[in-house]
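Here's the letter readout for the chains.
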Amino acid sequence: MSAPVLAFDGLSIAYRRRGRWHEAVSDVDLAIAPGEAYGLVGESGCGKSTLAMAAMGYLPDNARVSAGGIRIAGEDLAALDAEGLRRLRGGTVAAVYQSPGTALNPALTVGEQIAEVYRLHRGFGHRAAWDAAAAMLERVQIPDGHRVRNNYPYQLSGGMQQRVVIAMGLAGDPDLLVLDEPTTALDTTVQAEILALFEGLRAELDVALLFISHNLGVVQAVCDRVGVMYAGELVEEGPAETLFHDPRHPYTAGLIACIPDFDAAGRPLRPIPGAPPEPGERPAGCVFAPRCPVARDDCRGTRPPLAATGPGRASRCLYPDDTPAVDRGAGAATGTHAGGGTGDAVLRAEGLHLTLGGVPILRDVDVTLRRGETLALVGESGSGKTSLARVLTGLARPRAGTVSRSGRGGAAVQPLQMVFQSPDGTLNPSHRIGFILARAIRRLAGLGRRAARERVPGLMRAAALDPALARRRGGQLSGGQRQRVAIARAFAGTPDAVVLDEPTSALDVSVQAAILELLRGLRDRQGVAYLFITHDLAVVRHLADRVAVMYLGVIVEEGPADAVLGGPCHPYTEALIAAVPRGRRRPSRPRLTGTNPGPAARPAGCPFHTRCPHVMDICRTEAPPRREPHAGHGVHCHLEIPALPRPAG
Amino acid sequence: MTRFVLRRLLLLGVTLLVASVLIFLMTSVMPGNVGRIVLGPFASDASVAELNRQLGLDQPAALRYLQWLGGVLTGDWGRSLTLDTDVLPLALARLGRSLLLAGYALVLLVPVAIAAGVAAGRRPGGWFDRLASVVGLTFGAMPEFVTGVFLIVGLGVGLGWLPVQALPDEGAGLVTWLRHLLMPALSLVLLLFAYLFRMVRTGMRSELAADYTRTAVLKGLPRRRVIRHHVLRNALLPTITVIGAQLGWLVGGLVVVETLFRYPGIGSLMEYAASNKDVPLLAGCALLITGVFGLANLAADVVYAWLNPRVRHALAGA
Amino acid sequence: MPWRVLEPLRRSPALAVGLAMVAAWLVTAAAAPWLAPSGPTVSDYGALSQAPSAAHWFGTDEYGRDVLSRVLFGGRYVLLIAPAATLIGLVLGAAIGMSAAYFGRWVDEVIMRLLDAVMAFPIVILALLALTMLGGSTGNVVLVIGLVFAPLIARTARAAALVEVRREYVQAARIRREGPLYVLAVEVLPNIRGPLVVEGTIRLGYAVFTSATLGFLGLGVQPPAPDWGLMVAENRALLTSAPWTVLFPAGAIAFVVVGFSLMADGLRDLEGR
Ligand SMILES: Nc1ncnc2c1ncn2[C@@H]1O[C@H](COP(=O)(O)OP(=O)(O)OP(=O)(O)O)[C@@H](O)[C@H]1O
Ligand code: SF4
Ligand code: SF4
Ligand SMILES: [Mg+2]
């Protein structure tokens with residue numbers, strides 16, 4: 001075997017915080033062979049980004065390598081001087097980060113930013129570098145690189161920007177590309193394109209990848225080998241093919257059980273109890289022992305070594321054979337719950353038009369939410385999902401259309417509540433949790449001050465929160481806890497419906513699982529209806545009775561979840577389903593052409609016609625009719641029902 | 001671009017119109033009786049009424065405003081009550097001298113403050129950063145006349161390096177002019193240094209911490225190139241607007257500095273008008289200064305828009 | 001508990017030094033009647049324009065008045081004017097700025113246009129216009145400085161409030177139909193306290209600055225009151241012959257404004273973290 005392009009040898013890294021050193025990465029051994037794609041997964045704070053920065057020799061000032069070392073193409077990073085490090089960066093290792101929008105210099109053309117690398121690392125002249133930049137842009141499948149190189153970053157879409165960053169990384173002809181969550185900030189359709197791009201590039205170029213993601217499906221789609229991190233340690237390693245089907249470490253198994261699977265809708269989610277330890281509070285024995293379902297007494301005493309469990313596989317578990325098997329969820333077909341969607345409408349909106357700053361955001365939107373049902377609203381970012389939620393809750397006033405909310409509690413009580421996406425902004429940092437919830441109870445349940453205060457502990461327990469937390473402020477809670485408080489706040493009265501705007505998208509999968517189970521429990525107990533906004537179709541499959549698909553402010557399809565996801569469906573829905581990363585399955589064709597034109601430039605006729613693989617002449621001029629493949633399932637498309645696509649499944 | 005400039009000009013017009021109403025309200029309608037303010041407590045009621053009539057103050061306010069505005073637009077800015085001359089030509093002549101002083105101060109200020117801000121922002125917490133910050137904090141808080149007094153006592157009286165009079169003799173050469181104007185200009189510069197310095201320093205710091213700077217470093221670019229080619233252009237762009245806004249302080253400072261150094265610019269003219277209760281002169285000076293300040297801000301906005309690719313493209317498309 | 005109070009001072013030397021300077025001024029101004037060797041307007045015709053000496057530490061002016069006494073008493077005007085003016089500006093500015101941010105749309109547009117027009121005047125010019133017409137008195141000076149500061153503070157308040165108003169917790173409050181007053185007072189105000197305190201400290205310093213400047217221009221308190229700015233203006237002609245009559249009041253102004261400036265800088269640093 002040739003020398004690895006990147007090797008961590010017993011690497012430990014510590015951060016100094018308030019004068020004390022905390023180990024964020026402990027004793028990591030890892031080697032990436034030339035041309036290999038290595039994936040690193042794990043929850044927030046487990047040390048993935050720290051490793052990525054270490055691989056570039058770019059640790060923050062308050063970090064230090066406390067043990068072990070890093071070798072890149074055989075060279076010890078610690079032994080390099082500044083000049084040597086500089087040559088290595090961009091030349092031997094290049095980096096791609098999460099948010100392409102901020103990674104590019106806003107004041108320089110993208111061509112210049114790529115050409116710079118050619119001039120510096122490959123000794124190209126100005127002219128040659130400029131031409132090479134255009135060629136590289138086309139190589140990352142930006143058509144018309146000669147034109148695009150003159151653009152400034154803000155003129156490109158997020159997906160294009162990320163391609164530019166990748167082009168920049170490849171320009172130095174590196175041996176290794178370090179990618180830290182490269183698709184996390186992108187829409188799933190764009191993510192699918194970028195993943196396909198990696199696949200193509202790997203076939204063409206001989207570049208190794210260190211691919212970091214919290215999304216197991218994405219890692220599986222790209223990588224040959226995968227390492228699972230937990231609390232700063234590499235707890236399991238193995239080929240992507242087998243690792244996720246047959247985990248040899250209880251944490252890996254727990255992680256898989258947390259994630260809603262698009263292809264196994266009925267499988268209940270099993271959250272991992274507890275929370276990962278903070279750096280500096282890690283237990284002495286196995287770091288996972290406090291949360292491990294199969295822990296034994298000796299796990300708490302000795303720290304398990306990373307030991308081989310099979311060909312090319314290793315696990316930091318003393319009892320790898322005890323690892324629970326992965327539940328494939330055979331049997332139950334959908335996440336539909338009994339009694340969903342049979343009652344009268346609790347929320348009905350008709351003919352909604354919304355214009356913001358002269359741009360039409362919503363166009364003629366009808367929504368009906370029936371008592372106790374869960375309606376999922378899906379679509380790419382910018383399709384108007386949150387705007388619709390704002391109109392429905394009364395935060396924004398539509399230009400035309402009506403919203404009627406018929407509540408159980410009469411006019412005094414707001415029947416519709418909302419849970420927001422960002423756990424950071426959802427709680428007022430100046431107030432204690434107890435105050436926030438008591439105020440919500442007073443307003444929403446119409447109770448007096450005393451009575452409201454007495455109801456707080458019960459409300460907190462209903463959201464699986466320790467009532468002792470009532471004395472804390474939002475800043476002293478974890479993201480998951482904050483989101484629970486927000487849910488408790490929404491349930492302070494007896495809401496008929498709650499709008500959930502991507503309530504788990506900022507959370508780790510294990511926290512997401514717990515929140516989804518909480519929401520499911522509340523729904524079944526209280527008979528509340530949900531309007532669940534999400535971009536994750538696996539979650540839709542898991543929770544929703546009905547689905548509405550939005551594109552550029554229009555609902556293009558709407559119907560029972562099984563019917564919509566099973567097809568026949570709208571071509572846009574087909575593309576969304578195809579983009580779901582599902583393990584080794586190749587992203588299926590047909591892929592979308594072009595990019596989302598945005599609401600300001602919504603095309604005439606069928607708004608989707610600029611990207612639709614089935615486009616016909618009539619689509620460009622005339623608004624499509626509503627077809628009804630099943631009862632209550634509407635598709636706005638010019639295609640006849642038999643010609644409507646069926647998602648590959 | 002042309003449309004942008006026109007739009008901004010229109011906006012400036014609106015702002016000036018509102019400003020003119022404010023000036024008018026303050027100088028003509030506010031409590032108190034202009035005739036009484038001008039003539040003082042011992043004049044007879046009859047002469048007060050007579051002056052008010054001469055000034056047209058017995059007519060309704062709205063009509064007077066329109067007449068005044070009409071005059072302003074046609075170049076008739078009224079007559080000074082105490083100097084036997086028309087307001088506009090006098091104010092314009094004085095304005096020229098003030099612009100000379102202000103321009104001098106800007107020429108000294110801008111390069112120094114930017115260089116200091118860049119140097120300090122590159123090494124926050126370093127000795128230079130601390131020194132420049134303390135100097136800025138100290139002088140940035142002091143009124144110009146206090147700084148001026150210290151300068152006069154130190155450089156003028158104590159060391160005898162610079163002349164204490166701001167206005168040189170008739171027919172003096174450029175160097176003499178500059179020597180005479182150096183202390184007044186310095187008192188303005190020292191006041192404005194702090195703000196501009198701080199903006200540049202903050203800009204440097206935040207751009208150095210930006211993601212794209214990390215990208216540039218991880219591309220393997222040498223630090224010099226990272227700073228010059230990537231960081232500086234983003235860090236310095238906002239300072240253009242800051243400089244525009246600072247002109248307001250500069251103009252306000254002129255009143256004080258010209259009074260202290262006895263320099264016959266528009267600032268000291270305004271001080272004269274105020275202490276002699278010469279209302280038409282006061283109103284005229286205020287309007288002129290406001291107009292100049294507005295134009296300077298507009299120029300800064302236009303330059304900013306032109307240098308910022310994002311704004312430039314948006315404008316070109318519009 | 002006492003340690004918690006002192007913690008910010010330990011972390012920011014600028015704040016500590018500034019606070020000490022301002023405190024020194026507060027004490028001397030308050031205790032002026034006991035500290036000063038003589039009254040502020042008492043003339044000693046036997047000692048006209050004397051240089052500093054053991055009898056007159058800061059010397060005497062051309063009327064034989066003790067400069068030290070005048071400087072000590074002069075601190076009392078500022079002590080009155082600066083906090084009162086800042087308070088007016090703060091209350092008014094916060095109310096205007098927060099309302100603009102909360103109501104948005106045309107309310108915001110109109111308010112901002114008006115503020116722009118007011119701010120199209122350099123501050124000194126605006127104050128000069130107003131005081132010329134109103135006449136100089138302590139009350140008028142307070143009022144005018146407060147009014148002139150309001151738009152500037154309104155801008156800061158608006159910018160800070162805009163961030164908060166878009167936050168989810170404000171939306172949650174709106175969804176449960178809380179009124180504007182509740183949202184602004186309970187949800188928004190506590191979270192923009194930081195920027196407002198910093199702005200207030202900066203403004204305190206500039207209130208001293210502005211009142212001194214107005215005094216210097218002869219628009220504030222009238223002679224023979226021992227106002228610092230006025231003292232500089234009155235004795236300007238003596239700069240070469242009796243510089244102490246100008247230097248000490250100028251130094252007093254410098255001392256106080258630098259004190260506030262250091263305080264504001266320290267607070268801003270703590271706030272930034
Ligand atoms: N600059 C820093 N100073 C102090 N502690 C840090 C710093 N950066 C990271 N940490 C800590 O180190 C640990 C590992 O962080 P790291 O960013 O590597 O995790 P991650 O796996 O990339 O998480 P995420 O999925 O959220 O990106 C965390 O506990 C984090 O709080
Ligand atoms: S070592 Fe023990 S506690 Fe740790 S993962 Fe294995 S079984 Fe669980
Ligand atoms: S109407 Fe035409 S363009 Fe639109 S989705 Fe159907 S086939 Fe595609
Ligand atoms: Mg990370």
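Residues numbered from 1 in each chain as written. Chains lettered and ligands numbered in written order. Predicted model: local features only at pLDDT ≥ 70, side-chain atom pairs only at ≥ 80, totals over all residues. Heavy atoms only, no water.

1. Concerning the overall build of chain B
Put simply, the rule reads: Numbering of helices and strands starts at the N terminus; helices are DSSP runs of H or I of at least 4 residues and strands are runs of E of at least 2. Any residue under 20% of the maximum accessible area for its type is buried, any over 50% is exposed, and the rest in between are partly exposed; the area is computed with a 1.4 Å probe on protein chains only. Throughout, a residue-residue contact means that at least one pair of heavy atoms, one from each residue, lies within 4.5 Å. Working definition of accessibility: Shrake-Rupley area with a 1.4 Å probe, residue cover restricted to the visible protein chains.
Regarding its fold elements, chain B presents 13 helices and 0 strands. Seen along its three principal axes, the alpha-carbon backbone of chain B occupies a region of about 85 × 60 × 35 Å. A total of 318 residues make up chain B; the buried ones form 50% of that total. In chain B, 71% of the contacts between residues at least 6 apart in sequence involve partners at least 24 apart. Just so you have it, chain B exposes about 14,400 Å², and 66% of that area is on carbon and sulfur atoms.

2. Side note on the overall build of chain C
The condition that has to hold: Positive: Lys, Arg. Negative: Asp, Glu. His and the chain ends are not part of the count. For this purpose, a charge sits on NZ of Lys, CZ of Arg, CG of Asp or CD of Glu.
Helix and strand content of chain C: 12 helices and 0 strands. In chain C, the order of α-helices and β-strands from amino to carboxyl end is α-α-α-α-α-α-α-α-α-α-α-α. With the C-alpha coordinates aligned to their principal axes, the bounding extent of chain C is approximately 75 × 50 × 25 Å. Relative to its full complement of 273 residues, chain C shows a buried share of 57%. For chain C, the proportion of contacts with a sequence separation of at least 24, taken over those separated by at least 6, is 72%. Surface summary for chain C: the accessible area is close to 11,100 Å², and the carbon and sulfur share equals 68%. Positive and negative side-chain charges of chain C, numbering 20 and 18 respectively, have mean locations separated by a distance of 8 Å.

3. Some remarks on a nonpolar patch on the surface
Test applied: Within the patch definition used here, like charges are joined within 9 Å and nonpolar side chains (Val, Leu, Ile, Met, Phe, Trp, Tyr) within 5 Å, considering only residues with over 30% relative accessible area and no salt bridge. Any carboxyl oxygen of Asp or Glu that lies within 4 Å of a side-chain nitrogen of Lys or Arg is treated as forming a salt bridge with it.
A contiguous nonpolar surface patch, about 280 Å² in accessible area, is contributed by B:Leu6, B:Leu9 and B:Leu295. Position of B:Leu295 among the secondary structure elements: in helix H12 (residues 279-307).

4. Focus: the sheet that holds strand E16 (residues 400-405) of chain A
Residue and element names in this part refer to chain A. Our working rule: When DSSP finds at least two bridges between two strands, those strands are taken to pair. An axis is simply a line fitted to the C-alpha atoms; with a helix, the fit covers only the stretch in contact. Between two such axes, the angle follows the N-to-C directions and lies from 0 to 180 degrees.
Spatial strand order, E14-E13-E16: 3 strands in an open sheet with antiparallel pairing. This sheet does not close on itself; its edge strands, each paired only once, are strand E14 (359-370) and E16. On average, adjacent strands in this sheet sit at an angle of 15 degrees to one another, irrespective of strand direction. Pairing between strand E13 (residues 345-356) and E14: 8 bridges, direction antiparallel. Directly across from Leu-352, in E14, lies its bridge partner Val-365.

5. Some details on the pairing of strand E19 (residues 529-533) of chain A
Residue and element names in this part refer to chain A. When you tally the buried positions in E19, you get 5 out of 5 residues, the bulk of the element. Where burial is concerned, the two faces of E19 agree: the one with Ala-529, Leu-531 and Ile-533 and the one with Tyr-530 and Phe-532 are both buried. Pairing analysis gives 4 bridges linking strand E15 (residues 374-378) to E19, with the strands arranged parallel. Residue Thr-374 lies in a different strand from E19, and its bridge partner there is Tyr-530.

6. Focus: the sheet that holds strand E6 (residues 93-96) of chain A
Residues and elements named next belong to chain A. Read across the sheet, 8 strands follow the order E6-E7-E8-E3-E9-E10-E12-E11 without closing on themselves; strand pairing throughout is mixed. The open sheet terminates on both sides in strands that have one partner only, identified here as E6 and strand E11 (307-310). Across the sheet, the axes of successive neighbouring strands diverge by a mean angle of 25 degrees, strand direction being ignored. Relative to strand E8 (residues 208-212), strand E7 (residues 176-180) runs parallel, the two sharing 5 bridges. Across the sheet, the residue bridging to Leu-177 is Leu-209, located in E8. Against the sheet, helix H11 (residues 250-258) makes contact with strand E9 (225-230) and strand E10 (233-239), and its axis sits at roughly 95 degrees relative to E9, the strand it touches most.

7. Digging into the interface of chain B and chain A
Keep this limit in mind: For any pair of parts, buried area is found by adding up, for both, the accessible area (1.4 Å probe) each one loses once the two are put together. Each polar contact in these results corresponds to two N or O atoms within 3.5 Å; when the atoms are within protein, one needs to be able to donate a hydrogen and the other to accept it, and residues that are neighboring in sequence are counted only if both atoms are side-chain atoms.
With 18 residues of chain B in contact, the opposing surface of chain A contributes 27 residues. Area buried by chain B at its contact with chain A is led by B:Arg214, B:Leu218 and B:Lys219, which between them contribute 31% of it. Where chain B touches chain A, the interface holds 3 salt bridges. A salt bridge links A:Glu116 to B:Lys219, with the shortest nitrogen-to-oxygen separation between them at 2.7 Å. Taken together, the connections running from chain B to chain A amount to 14 residue pairs in polar contact (both at pLDDT 80 or more). The set of elements that each furnish at least two residues to the side of chain B that touches chain A consists of helix H9 (211-218), helix H10 (223-261) and helix H13 (309-317) of chain B. Among the elements that take part in the side of chain B that touches chain A, H9(B) stands out by supplying 6 residues, more than any other.

8. With respect to the side chain of C:Ser69
Residues and elements named next belong to chain C. Note on placement: Ser-69 falls in helix H4 (residues 67-103). Judged by relative accessible area, which is 0%, Ser-69 ranks as buried. When sequence neighbours within four positions are dropped, the list of residues in contact with Ser-69 reads Ala-36, Pro-37, Ser-38 and Gly-39.

9. A word on the interface of chain B and chain C
For clarity, the cut-off: Note on residue classes: Ala, Val, Leu, Ile, Met, Phe, Trp, Tyr, Cys and Pro are nonpolar, Asp, Glu, Lys and Arg are charged, and everything else, Gly too, is polar.
Each partner contributes to the interface: chain B provides 47 residues, whereas chain C provides 42 residues. Buried area between chain B and chain C, both sides added, is near 4,000 Å², and the carbon and sulfur share of it is 82%. Looking only at chain B, the three residues that lose the most surface to chain C are B:Met26, B:Leu137 and B:Phe145, adding up to 14% of its buried area. Taken together, the links from chain B to chain C amount to 1 salt bridge. A salt bridge links C:Asp265 to B:Arg198; the nearest nitrogen and oxygen atoms lie 2.5 Å apart. Elements with a minimum of two residues in the side of chain B that touches chain C: helix H1 (2-29), helix H2 (34-39), helix H6 (127-141), helix H7 (144-158), helix H8 (174-208), H10, helix H11 (266-275) and H12 of chain B. Counted by class, the side of chain B that touches chain C contains 34 nonpolar, 8 polar and 5 charged residues.

10. Some words on the site of ligand 3
This is how it is decided: Residues are classed as near a molecule or strand on a simple rule: at least one heavy atom within 4 Å of it.
The local shell around ligand 3 consists of A:His570, A:Pro571, A:Cys606, A:Phe608, A:His609, A:Cys612, A:His614, A:Cys619, A:Pro624, A:Cys637, A:His638 and A:Leu639. Partitioning the shell around ligand 3 into residue classes produces 8 nonpolar, 4 polar and no charged.

11. Focus on the pattern of salt bridges
One pass over the structure, following the stated rule, counts 46 salt bridges over all chains. As a salt-bridge pair, B:Arg8 and B:Asp301 come within 2.2 Å of each other at their nearest N and O atoms. You can see B:Arg8 sitting in helix H1 and its partner B:Asp301 sitting in helix H12, a full 293 residues away along the chain. Between C:Arg268 and C:Asp265 there is a salt bridge, with its nearest N and O atoms 3.6 Å apart. Of this pair, C:Arg268 and C:Asp265 are both found in helix H12 (residues 244-272), 3 residues apart, which corresponds to roughly one turn of the helix. Here C:Arg268 falls in the partly exposed class, since its relative accessible area comes to 29%. On the accessibility criterion, C:Asp265 (11% relative accessible area) is buried. In this structure, a network of salt bridges that share partners links the residues A:Glu112, A:Glu116, A:Arg119, B:Lys219 and B:Arg225.

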